[in-house]
Amino acid sequence: MQIIKGACAAITGALLTVSFSADAAEPKLPTAYNPNSVTALKYEDMDYLLEKTVMPLGRSDHKPARRVWPGSGTGTRLVRDNPKPSRLEGNRVMFHDIKTSEQEFVVREVRDVLLDLPDKIDLTKLNKNEQLAYWLNLHNAIMYAKIADRYPVTLVDRIYGDCSDPDDQDRFYCDRQTDFMGMMISPYDIRQHVLDNWSDPVVIYGFFLGSVGSPNLRTKAYTGETVYTDLEDNARDFVNSIRGTWIKDDHILRVSTYYKDVAQKFPNFDRDLLAHINKYARRDFGFLLGPVTSIEVKLEDWHIADLYNGYVSAANGGANFQSVGRNGRNLDVSMYPPHVQRLLTDVVKRNMNRAGNVSIQQVKLEAKDTSEEEMDDEIEVAPTRKDDTDEGGR
């Protein structure tokens, strides 16, 4: 993959991410908004990054993936595959393709441009949908950059923790080490800000945590116009997946530990969460939910949401960016090591069984076209230029 330097020009005075104590004063993120604002933010650079590095694997069939045993087709007892039943689920990020200094620059730049946005526009002049899209994109850009910096890694659980537990305050997700508007914030602060100020529980599906067992990172940035449509799509994907829900027997529903992390959205946890899951369940799954009387928080998969499960040393040379599409017949996984071949082959088999012909298609990486003019009342969340507007709404 080649992400050219021109994809994101250098911003003026790049913000610094510095280390800071996790027990710093709690930041006061802006909560005011303008319900009449028609200002729309554009995220072209983040779109470009996500389109070229996020691989959709298709919808889950809500069935546990076959387990890969030591020596399975490899002649060795070393298993590099994700062993979890959810190993075929969720979009994957091509972290292994971020190799050059230019590519690393683009990842950091997408994050820093979003951090710099309040210097260009008053966030309180945006409507709530635009604000929600911004906070989700900022959270995800910070997480993307951090995981890309640590890659390769197989398990990402050490990044997270219970941010109310003093022993976990130095975990990246809890640690206030990012400079935002003169305040030190953490990804947790952003998530908590959204949970506190947006009432619809569907917002929980907008946070990328880098693991297979968490909500999807999408192939485009969130926008104010489509944010709830995209979140509901993520909700249906997660609810109807092994990483999200699984019926242990007729009366017990196992759910992801992620739901416990966002439990404030479900005050009467079992009752409210069950109603929420019923809302997004497919018809066949909804029928099975009828006899359920209790919920067990059990499911988790902290394996990194990439192709290699962090074992990039097993790569057979460089691979081009690819995606799982619903058209095309060309499937060539020979460029990948055996454990990646198994993943992709099993994904394609699952998708073909569910919805007909689905295959891996080559996608050529091209330079982003920046010739399109900005529309009225749209602000491009992109590097600072002379024609950038400071207006936040009408």
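Here the structure is shown first, and the text comes after it.
What you are looking at is a predicted structure, and each value in this text was computed from that prediction instead of being measured. (Residues numbered from 1 in each chain as written. Predicted model: local features only at pLDDT ≥ 70, side-chain atom pairs only at ≥ 80, totals over all residues. Heavy atoms only, no water.)

Novice: Got a sec to walk through the overall build of the chain? Specific residues and values, please.
Specialist: Along the backbone of the chain there are nine helices and 11 strands. A buried classification covers 54% of the 394 residues belonging to the chain. The contacts of the chain with a sequence gap of at least 6 include a subset with a gap of at least 24, amounting to 78%. Surface summary for the chain: the accessible area is close to 18,100 Å², and the carbon and sulfur share equals 48%. (Helix = DSSP H or I, 4+ residues; strand = E, 2+ residues; numbered from the N terminus. Buried < 20%, exposed > 50% of the residue type's maximum accessible area, 1.4 Å probe, protein only. Contact = heavy atoms within 4.5 Å. Areas by Shrake-Rupley, 256 points an atom, 1.4 Å probe, with all protein chains shown as cover.)

Novice: I'd like a rundown of the pattern of salt bridges, residues and numbers included.
Specialist: Within this structure, the stated rule accounts for 18 salt bridges. Residue Asp237 pairs with Arg59 through a salt bridge whose shortest N-O separation is 3.5 Å. Of the two residues, Asp237 is situated in helix α5 (residues 227-239) and Arg59 in the loop between β2 (54-55) and β3 (92-93); the sequence distance between them amounts to 178 residues. Look at Arg59 and you get partly exposed, because its relative accessible area is 32%. For Arg218, the salt bridge goes to Asp230, with nearest N and O atoms at 3.5 Å. Here Asp230 lies in helix α5 and Arg218 lies in the loop between α4 (187-197) and α5, a separation of 12 residues in the sequence. Across the pair, exposure class does not vary: Arg218 and Asp230 are buried alike. Put simply, Arg59, Glu89, Arg218, Asp230, Asp233, Asp237 and Arg243 are held in one network by salt bridges that share partners. (Salt bridge = Lys/Arg side-chain N within 4 Å of Asp/Glu carboxyl O.)

Novice: Please give an account of the side chain of Thr245 that cites residues and values.
Specialist: Mapped onto the secondary structure, Thr245 falls in strand β6 (residues 245-249). Within the structure, Thr245 has its side chain in polar contact with the backbone oxygen of Val239 (distance 2.6 Å). Leave out the neighbours within four places in its chain, and Thr245 touches His62, Phe238, Val239, Leu253, Arg254, Val255, Ile277, Phe285 and Leu299. (Polar contact = N/O pair within 3.5 Å; in protein donor to acceptor, adjacent residues only side chain to side chain.)

Novice: Account for helix α1 (residues 44-53), with residues named and values stated.
Specialist: Note that an α-helix has 3.6 residues per turn; residues three or four places apart therefore point the same way. The element α1 is largely enclosed, with a buried count of nine among its 10 residues. Listing the buried residues of α1 in full gives Glu44, Asp45, Met46, Asp47, Tyr48, Leu49, Leu50, Lys52 and Thr53.

Novice: So what's going on with helix α7 (residues 269-280)? Residues and values would help.
Specialist: The terminal C-alpha atoms of α7 lie 17 Å apart, and with 12 residues this matches the ideal 16 Å at 1.5 Å per residue to within 8%. Taken together, the buried positions of α7 are Phe269, Leu273, Leu274, His276, Ile277 and Tyr280. The buried residues of α7 occupy an angular sector of 160° when projected down its axis, which confines them to one face. Exposed and facing more than 90 degrees away from the buried side of α7 are Arg271 and Lys279. Contacts made by the buried residues of α7 are with α5, β6, β7 (252-256), α6 (258-261), α8 (283-289) and β8 (294-299). (Expected span 1.5 Å × (residues − 1). Arc of directions from axis to C-beta.)

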